[in-house]
Structure formats: C-alpha cells, structure tokens
Amino acid sequence: MSKLSYISPEGLRIDGRRANELRRINIQMGVSNRADGSAYYEQGNTKIIAAVYGPREISVSGQSIFDRAIVKCEFATSSFSTTERKPQQKTKGDRATTEISNLVKQAFESTIQTHLYPRSQINIYIQVLQSDGGLKAAAINASTLALIDAGISMKDFVCAVSTSCIDGVAVLDLNHIEERSGGPDCLLSIQPQIGGVISLNMDSKVPQDLFESVLELGEKGCKKIFSILSDQVKKYSTDLISNQLKI
Amino acid sequence: MTSNVITPGQRLAKDSEYISSEGTYTHKGYIYSSVLGFQHIIKKNLNKPTSEEINNSNNSNVNNSDDRDFIVVLKEKEPSVVPEIGSIVTVQVLRINPKLASVAILCVGTKALKETFNGIIRIQDVRATEIDKVEIYKSFRPGDIVLAQIVNISNIL
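Residues numbered from 1 in each chain as written. Chains lettered and ligands numbered in written order. Predicted model: local features only at pLDDT ≥ 70, side-chain atom pairs only at ≥ 80, totals over all residues. Heavy atoms only, no water.

An unreviewed UniProt entry lists chain B under the name S1 motif domain-containing protein, with Dictyostelium purpureum as the source organism. Its UniProt record gives chain B the following Subcellular location (unreviewed entry) comment, quoted word for word: "Nucleus, Nucleolus". (UniProt positions renumbered as here; feature names shortened; annotations may be inferred.)

For chain A, the Sequence similarities (unreviewed entry) comment in UniProt is given as "Belongs to the RNase PH family."

See the structure below:
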C-alpha cells in the first residue's frame, strides 16, 4: 500500500470513525484553584487545559480601553505534546501558536460582554498536553468552558470544529494523520444558540461543489459539540450544588 | 431546583415579558442568559428587592400589568466585581506623598474583591471645600480604611 487510504471501502476512517463522527469528548471544569476559571478538555487524543484570570486590572498601563475590557490569550504547547519532542523555547511564540492565540482572542472579544468590565483585562491561558489534530477547535472549546467557570458574562457558547474533505467526502473532526493528508483544513466556530458565525478559516481551498456540504457538516458538528458541552456544564454545576447541600 | 441550570446563551423569555437585568441581555426581542446560574424573577412592585425577597421562578406569576418584573441569572459562585465610575469603594491607604495618597481598593459596594485594584486619592479630591488648604499628611496615614467614590478623571481634566 503505497498511498495511505484515509477512508476504507466500508466508509470507515483510520481510527474507525465514520466521516460524520466526532471523537469522544471528555471535559472537566474547575481543575485549577488558582485561576478564576479553568477547564480540562479532551477530544480523542487531543488534551488541553485552559485557565482564565480576570476581569482584573490592566497589567500594562496605557492599554486600557475606557468602556470595555481587553481580552488577552496565550497559547502554548508542552514539549511532550507531540511525537517529536520540541525544545522548550520553540513551543511558545512561533507562528503557529501566535496564530491560534489570536484566533481565540478574536473569537472571545466578540462573545464576551466586554462592556460590563471597563478598564479591565481578561487573560486566557491555554496549554496543550497532548496534540492529535484539531488544536484550534479544541482551544476554543476549552476556553469557552473556562470562561463559563470564571462566571464571565458571554452572549453564548463558542463551539468550534475542524472539517475537511478527503477523497471527495466531507469529513468531520480531523485527527493528526488526517490533518497531514494535505486536504483542506476548514475551521468553523459558531455561536450555536443565537446563531452567528464567529470564524471560518480555511487552510488551502475547499472545492466549490463540496464547500456547502463541508460547511453543513461543520455546523452539525458544532451543534453536537454544543449539546455535549452544555450537558456537561449543567451536570458540573448540579454536582457542585449537591455537594454544597451535603455540607 | 437542581434541574434547571441556565447556561450562557440560553433563551429565557420574551423581551416584552420581563426587564433584562444582571446576568442577562436582550437580543432581537428575546432575553438571553449571559452566565451560568439559576433564573430568578424579582418583583418590581417591591420597594427594595434584596436577596431574601428574590422569588424562585417556579412560584411567581407573570405580571401582566405595565410594570414588568426583573429577570436575573445568578451564579452559584460569587460574581467578580469591578470598580466603575461612581461606585462607592472601601480602600486602604498604602503610601502617601504631598500630592496624593495611593490606595488599594478592597471592596466595591458591599462585595469584597478577590484581587485588589490600585487607586489614588488626589489632593484636590480629598474634600469638597477649601481644596487649597488640604494637606495629605493631616488627612491620611498609611493603613487607614477610607470609604471613597470613584470619579471620572477624563471629565475633570
């Protein structure tokens, strides 16, 4: 087998999923006591921790905006997150991580009700523990949960998923091997309840005739992720309250 | 009570039925939640709606008269507050110099801050009358607890 077949004749992908299936999502909220809000997010083998600090006083004076808060995001991958161990200094501040931190920052600047926190800043820190594709989407989803845990006012959840088309089939939630197939990587993030698109990023072009089905699949994926996240968030807060009642 | 946890972005009611208040916002004629918590209806006809007078949504009737009730979503965690222009704050004096007293803001209203904010009391803001005769050394000492109000500097300058 010279060419890797990404979708078998039976319609199964490398990891045994169908084209429209997500990987298993596992989340935990309130994992860090020191942060105002935090969340652990696991999608397949991609594992991420997000922590939110704020709203707090602006650290660099002169950056404050008089009628709203500023959002800052720092994204870092740990040196042990990929199969090839990277030296520590290259895991932060390179092009790829800056791109992701800007993406997360922009996504939440429009979703957080920043006018409620004038002259303050909200910091989002994202740390990748294990990387297996879909990092951007996982970073956004993890940040949403951490912000909810911090009690910061938001218009809606932000749910993101990566989609692509491989061999003419629209495929949802790529893993690392599929990401490297050279096919287009299309990241869609939406506000699932009030219905708005936060961002739609495409690395290389999606064929025009397939674009609609890719987008539709992405929207379905985001809605599915939203239902998983909101169920888990409700379960988390119900657990918190039942623990409170016991004490 | 445990069954209806409200998550951000959840649609709560029509704009015409309630007045959007803390933890909620309006969008295209509907009221949505903006935080994680529980929905409460605060009766408008009560003079001072305090936390004891908050009724649960289950046992309160929707008021059909003109004055709508407030709808709020409260978190199970203490919400983090931020000092705003006009808010009454409790501060502690850290350092003084002839021109100003630098302070740490401890509380906003009745809520204590998790992390203190820095502030200054300028010599011209110490009192309302005889501003030119104020001496910081005679007004404050480090460690003093002061009740103060946040003023808008951009309006004064």
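There's plenty left to go through after this.
Right, let's talk about the UniProt feature "domain: Exosome complex component CSL4 C-terminal" (unreviewed entry) in chain B for a bit. Per the UniProt record, the feature "domain: Exosome complex component CSL4 C-terminal" (unreviewed entry) sits at residues 111–151 of chain B. Strand forms 41% of residues 111–151 of chain B and helix 10%; the C-alpha atoms that close the span are 19 Å apart. (Helix = DSSP H or I, 4+ residues; strand = E, 2+ residues; numbered from the N terminus.)

Moving on to the interface of chain A and chain B. In this complex, chain A contributes 29 residues to the contact, which on the side of chain B involves 27 residues. Carbon and sulfur atoms supply 56% of the area that chain A and chain B bury against each other, a total of about 2400 Å² over both sides. Counting the surface chain A buries against chain B, the share from its top three residues, A:Glu57, A:Ile194 and A:Ile241, is 20%. The tally of links between chain A and chain B comes to 0 salt bridges. Linking chain A with chain B are 9 residue pairs in polar contact (both at pLDDT 80 or more), by the criterion used here. Contributions of two or more residues to the side of chain A that touches chain B are made by β3 (46–57), α2 (135–150) and α4 (208–246) of chain A. Split into classes, the residues belonging to the side of chain A that touches chain B amount to 12 nonpolar, 9 polar and 8 charged. (Contact = heavy atoms within 4.5 Å. Buried area = accessible area lost by both parts, 1.4 Å probe. Salt bridge = Lys/Arg side-chain N within 4 Å of Asp/Glu carboxyl O. Polar contact = N/O pair within 3.5 Å; in protein donor to acceptor, adjacent residues only side chain to side chain. Nonpolar A, V, L, I, M, F, W, Y, C, P; charged D, E, K, R; others polar.)

Residues annotated in UniProt with the feature "domain: Exoribonuclease phosphorolytic" (unreviewed entry) correspond here to residues 21–152 and 156–221 of chain A. Measuring from the first to the last C-alpha atom of residues 156–221 of chain A gives 17 Å, for a span that is 27% helix and 41% strand.

Turning to the pattern of salt bridges, a few remarks are in order. Residue and element names in this part refer to chain A. All told, the structure shown has 16 salt bridges over all chains when counted by the stated rule. Measuring nitrogen to oxygen at the nearest pair gives 3.7 Å for the salt bridge that ties Asp-173 to Arg-17. Here Asp-173, found in the loop between β7 (169–172) and α3 (176–179), pairs with Arg-17, found in the segment before β1 (25–29); they are 156 residues apart in sequence, far enough to count as distant. Among the residues examined, Asp-173 registers a relative accessible area of 2% and is labelled buried. Residues Arg-23 and Asp-132 are paired through a salt bridge, measuring 3.6 Å at the closest nitrogen-oxygen approach. Of the two residues, Arg-23 sits in the segment before β1 while Asp-132 sits in the loop between β5 (120–130) and α2, which places them 109 residues apart along the sequence. Of the two residues, Arg-23 and Asp-132, neither departs from the other in class, the shared state being buried. One salt-bridge network, in which partners are shared between bridges, spans Arg-13, Asp-15, Arg-17, Arg-23, Asp-132, Asp-173 and Glu-178. (Buried < 20%, exposed > 50% of the residue type's maximum accessible area, 1.4 Å probe, protein only.)

Take the pairing of strand β4 (residues 30–33) of chain B next. Residue and element names in this part refer to chain B. Pairing geometry for strand β1 (residues 11–14) and β4, over 3 bridges, is antiparallel. Its bridge partner being in β4, Arg-11 is matched across the sheet by Tyr-32. One ladder, built from 4 bridges, connects strand β3 (residues 24–27) with β4; its direction is antiparallel. Each residue of the ladder has a partner; that of His-27, found in β4, is Tyr-30. In this structure, the hairpin formed by β3 and β4 is closed by a connection of 2 residues, where Lys-28 is found at a positive phi of approximately 50 degrees. (Pairing = 2+ DSSP bridges.)

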